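The residues making up each chain are set out below.
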Amino acid sequence: MIRSDSTLRIYILLAGCLLFIPFLGAVHLFDWDEINFAECAREMITTGDYSTAQINYFPFWEKPPLFIWMQVASMKVFGINEFAARFPNAICGITTLLLVFNAGRKLYDSRFGLLWSLAFAGSLLPHFYFKSGIIDPWFNLFIFSGIYHFILYTNDPGSGSFFNRRILASAGFIALAVLTKGPVALLVFGLCFIVFRLISRRKVMTWKHFILFGVISLGLGSIWFLILVFQGRPEIILDFLTYQIRLLTTGDSDHGGPVYYHWVVLLIGCFPASILALRGFRKSESDTPFQNHFKRWMLILFWVVLILFSLVKTKIVHYSSLCYFPLTFLAAHTAWKMMNGEIQWKRWMSALILLIGGVVGLLLTSIQFVVVFRKEIIASGLIHDNFASANLLSDVPWTGAEFLIGILFLAGVGACIVWVVKKQISRAILSLFILTLVSTSLSSLIFAPKVEGYSQRAAIEFYQGLKNTDCYVNVYGFKSYAQLFYSAKKPEACRNEGFRAYIVRSNPLHYKLDPFTLEWYHTDWLLKDKLDKPVYILSKITGKEEFLREFPAFKEIGEKNGFVFFKREAGK
């Protein structure tokens, strides 16, 4: 029995709070992206300069500041910590579940809305992203919200008044997306608009609404840029635009990949929604014109994002995360049609669920046993990286029951197939999504701290130990932001002038920024000249000999889990 819409919204709200808020601060932030944005927020609070994102107290032009402002607000309430850094995305997750429920209810009925919410929360990556501290969940939500209101406008433009509420809402959300991640929001929306115009072969909007959309999206979206111009810092805008172009046209940050990279990510990472979605690409004869109109836009959004970021040279998992909205819609569309008896379950769906679900389940089950036999694995020569081998030897506690998460996941896959054989499709779909949801939630709670323990905890604990020490601290041989956030680095002095906090350093040559790679590197002053206070350097074990050979004034003071710690005293 489907309850009232208001009651269902309360249930979704409570479920979202239960899924996304608890244990947000149970694990350290992960390098790079999570710590990157959290450090920008911390430095805003430290300097009092809220108009400019900074890293190491230098302008950080890779992203506009809206998401960082959200983290600042969260840190003002909860303190500067992991929970505060991730809390905005928990709110985004709850909002997303409510939004897709309302959209699905308006489009079909309440059951469709529930299926869409379940498909989002019950798929691997879409669920996990709302427990992270990266920028993409809000960026995706803003773009989808803008496109959603534009879909409603193109379906029914209304009376034709200049201040059309759908246009105002659509343009406003696209502007917020621009303030979150930059002009790529306009690119995605513009490509979707062009494709829809070519397919529909009809006038999409009036000229006055086109002008209104442009004024709102460009005007509101450029507020941050205008502030920088007003402050006399247009060079940051130029650097930002240069970076955006380079990101689209060249491989960045060692994140290259084949053209099919995002196809594989979506197929496996969005399991099980991705399997049901494949059935939803076909045209439905029983849908109303409005339902077909909405589905056409979802297909356009999916293909535009997938093709665009397949062509972009830089390949990162979350670049295609905007596809989660149309993909989970198509999954809900398939589930709803099957539950109504309009379409049939196909054998190839069972085969894919067994294949992908079986592989994922076996991986979750076997993680524990890899750790148990880690010494034998390392001795066999299967791992050729000494740093990775040292990571794997970290002393991370296991209870011995972690493999049960994989068993639970496999149980969901098995239950789905059993119900399919019994022609109980509704139970098959619900059991698959619900057990995937539970398994994913448990994995993030149990496995994430262990992964962090192997990959970076030794380094972060070292930085935390220097938090109240008057010293310099940095890394050698690799890129990291962790030393900034976890040592709580402060500028030598700060003073506010107008809109900007100017940083006064005792020695401006402490760091330099490579304008092409945007990576910080040491100057000879930090590593070789006399110092006014001690300097601590962390490197991977693979760079230990090179570092000591190049900088003999440093002494090794420790080694742990693949990381080596060095110190040079003041005055040396």
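Residues numbered from 1 in each chain as written. Predicted model: local features only at pLDDT ≥ 70, side-chain atom pairs only at ≥ 80, totals over all residues. Heavy atoms only, no water.

What follows concerns the nonpolar core. Ranked by internal contacts, the top residues of the largest apolar core, which has 123 residues, are Trp116 and Trp345. Sorting elements by how many residues they give to this core places helix 15 (residues 289-311) first, with 13 residues. The contact partners of Trp116, leaving out residues within four places of it in the chain, are Val100, Ala103, Gly104, Phe144, Phe294, Phe325, Thr328, Phe329 and Ala332. The next biggest cluster of nonpolar side chains, apart from the first, holds 33 residues, and it includes Ile55, Val72, Ile460 and Leu466. (Core = buried A, V, L, I, M, F, W, Y, C linked by side-chain atoms within 4.5 Å. Buried < 20%, exposed > 50% of the residue type's maximum accessible area, 1.4 Å probe, protein only. Helix = DSSP H or I, 4+ residues; strand = E, 2+ residues; numbered from the N terminus. Contact = heavy atoms within 4.5 Å.)

Taken together, the side chains of Val259, Tyr260, Trp263, Val264, Leu267, Ile268, Leu278, Trp303, Ile307, Leu311 and Trp348 define a hydrophobic patch exposed on the protein surface, amounting to about 1,000 Å² of accessible area. Sorting elements by how many residues they give to the nonpolar patch places helix 13 (residues 261-269) first, with four residues. By the secondary structure assignment, Ile268 is in helix 13. Judged by its relative accessible area of 38%, Ile268 is partly exposed. (Patch = residues over 30% accessible without salt bridge, like charges linked within 9 Å, V, L, I, M, F, W, Y side chains within 5 Å. Areas by Shrake-Rupley, 256 points an atom, 1.4 Å probe, with all protein chains shown as cover. Salt bridge = Lys/Arg side-chain N within 4 Å of Asp/Glu carboxyl O.)

Two elements in contact, helix 3 (residues 66-78) and helix 4 (residues 82-107), have axes separated by 8 Å at closest approach and are oriented at 125 degrees. What the angle tells us is that helix 3 and helix 4 run oblique. Crossing handedness for the pair helix 3 and helix 4: right-handed. Contacts from Phe67, Met70, Gln71, Ser74, Met75 and Phe78 in helix 3 reach Phe83, Ala84, Ala85, Phe87, Pro88 and Asn89 in helix 4. Partitioning the contact of helix 3 with helix 4 into residue classes produces nine nonpolar, three polar and no charged. (Axes fitted to C-alpha atoms, helices over the stretch in contact; angles between N-to-C directions. Parallel < 35°, antiparallel > 145°, perpendicular 65-115°, else oblique. Left-handed = near helix turned anticlockwise from the far one by under 90°. Nonpolar A, V, L, I, M, F, W, Y, C, P; charged D, E, K, R; others polar.)

Next up on the list: the packing of aromatic side chains. Applying the stated criterion to the full structure yields 47 aromatic pairs. Considering the side-chain rings of Phe462 and Phe565, the 4.3 Å spacing of their centres and the 15 degrees angle between planes classify their relative orientation as stacked. Taken as a pair, Phe462 in helix 22 (residues 457-465) and Phe565 in strand 10 (residues 563-568) lie far apart in primary sequence, 103 residues in all. Residue classification places Phe462 among the buried positions, given a relative accessible area of 13%. With a relative accessible area of 8%, Phe565 lands in the buried category. In this structure, Lys450 is placed above the aromatic ring of Trp398, and the distance from its NZ or CZ to the ring centre is 4.9 Å. Lys479 extends its terminal NZ or CZ atom over the ring of Trp32, reaching a point 4.5 Å from the ring centre. (Phe/Tyr/Trp six-rings, centres within 6.5 Å; stacked < 30°, edge-to-face > 60°. Lys NZ or Arg CZ within 6 Å of the ring centre and 35° of its normal.)

This next bit is on the packing of helix 16 (residues 324-339) against helix 21 (residues 425-455). Direction vectors running N to C along helix 16 and helix 21 enclose 150 degrees, while the axes themselves pass 9 Å from each other. Between helix 16 and helix 21, the angle is such that the two are roughly antiparallel. Here helix 16 runs over helix 21; the crossing is left-handed. Here Ala335, Met338 and Met339 of helix 16 lie close against helix 21, whose contacting residues are Ile425, Ser426, Ile429 and Leu430. Split into classes, the residues belonging to the contact of helix 16 with helix 21 amount to six nonpolar, one polar and no charged.

With that out of the way, let us pick up helix 5 (residues 110-121). Its 12 residues place the ends of helix 5 17 Å apart at the C-alpha level, agreeing with the 16 Å of an ideal helix rising 1.5 Å per residue. Counting buried residues along helix 5, 10 of its 12 residues qualify, which places the element largely inside the surrounding structure. Along helix 5, the residues that are buried comprise Ser110, Phe112, Gly113, Leu115, Trp116, Ser117, Leu118, Ala119, Phe120 and Ala121. Where helix 5 begins, one side-chain oxygen reaches toward the backbone nitrogen of Arg111, 3.2 Å away; that side chain belongs to Asp109. (Expected span 1.5 Å × (residues − 1). Polar contact = N/O pair within 3.5 Å; in protein donor to acceptor, adjacent residues only side chain to side chain.)

Taken together, the four strands give an open sheet; going across it, the order is 3-8-10-9, and neighbouring strands pair in mixed fashion. With partners counted over all chains shown, the strands left at the sheet margins are strand 3 (472-476) and strand 9 (555-560), one partner each. Taken pair by pair, the neighbouring strands of this sheet meet at an average axis angle of 20 degrees, ignoring direction. As judged from the six bridges shared by strand 8 (residues 535-540) and strand 10, these two strands associate in the antiparallel manner. (Pairing = 2+ DSSP bridges.)

Attention shifts here to the pattern of salt bridges. Overall, the coordinates contain 13 salt bridges when judged by the stated rule. Among the salt bridges present, the one from Lys544 reaches Glu559, with a minimum N-O distance of 3.5 Å. Highlighted residues: Lys544 in helix 25 (residues 544-550) and Glu559 in strand 9, separated in sequence by 15 residues. Judged by its relative accessible area of 23%, Lys544 is partly exposed. What makes Glu559 partly exposed here is its relative accessible area of 43%. Glu569 is the salt-bridge partner of Lys567, the closest N and O atoms lying 3.2 Å from each other. Overall, the relative accessible area of 22% leaves Lys567 in the partly exposed class. Several salt bridges share partner residues, and in doing so they unite Asp287, Lys337 and Glu342 into one network.

The subject of this paragraph is the environment of Gly558. Mapped onto the elements, Gly558 comes out in strand 9. The buried category is assigned to Gly558, whose relative accessible area is 18%. For Gly558, the residues in contact, after removing those within four places along its chain, are Phe563, Val564 and Phe565.

With that settled, the discussion passes to the pairing of strand 8. Both faces of the sheet carry side chains from a regular strand, because those side chains alternate between them. Within strand 8, five of the six residues are buried, which leaves it mostly tucked inside the rest of the structure. With five bridges joining them, strand 3 and strand 8 adopt parallel strand pairing. From the neighbouring strand, Val475 faces strand 8, where its bridge partner is Leu538.

Relative to the helices and strands, Glu452 is located in helix 21. The class for Glu452 is buried, based on a relative accessible area of 1%. Sequence-distant contacts of Glu452, defined by excluding residues within four places in its chain, comprise Val27, His28, Phe30, Arg457 and Ile460.

Now for unusual backbone geometry. A cis geometry characterises the amide bond from Asp31 onward to Trp32, with omega recorded as 5 degrees. You can see Trp32 is positioned in the loop between helix 1 (5-20) and helix 2 (33-47). Look at the link from Phe271 to Pro272: it is a cis peptide, with omega at 0 degrees. For Pro272, the position within the fold is in the loop between helix 13 and helix 14 (273-280). Phi at Ala488 is positive, roughly 55 degrees, even though this residue is not glycine.

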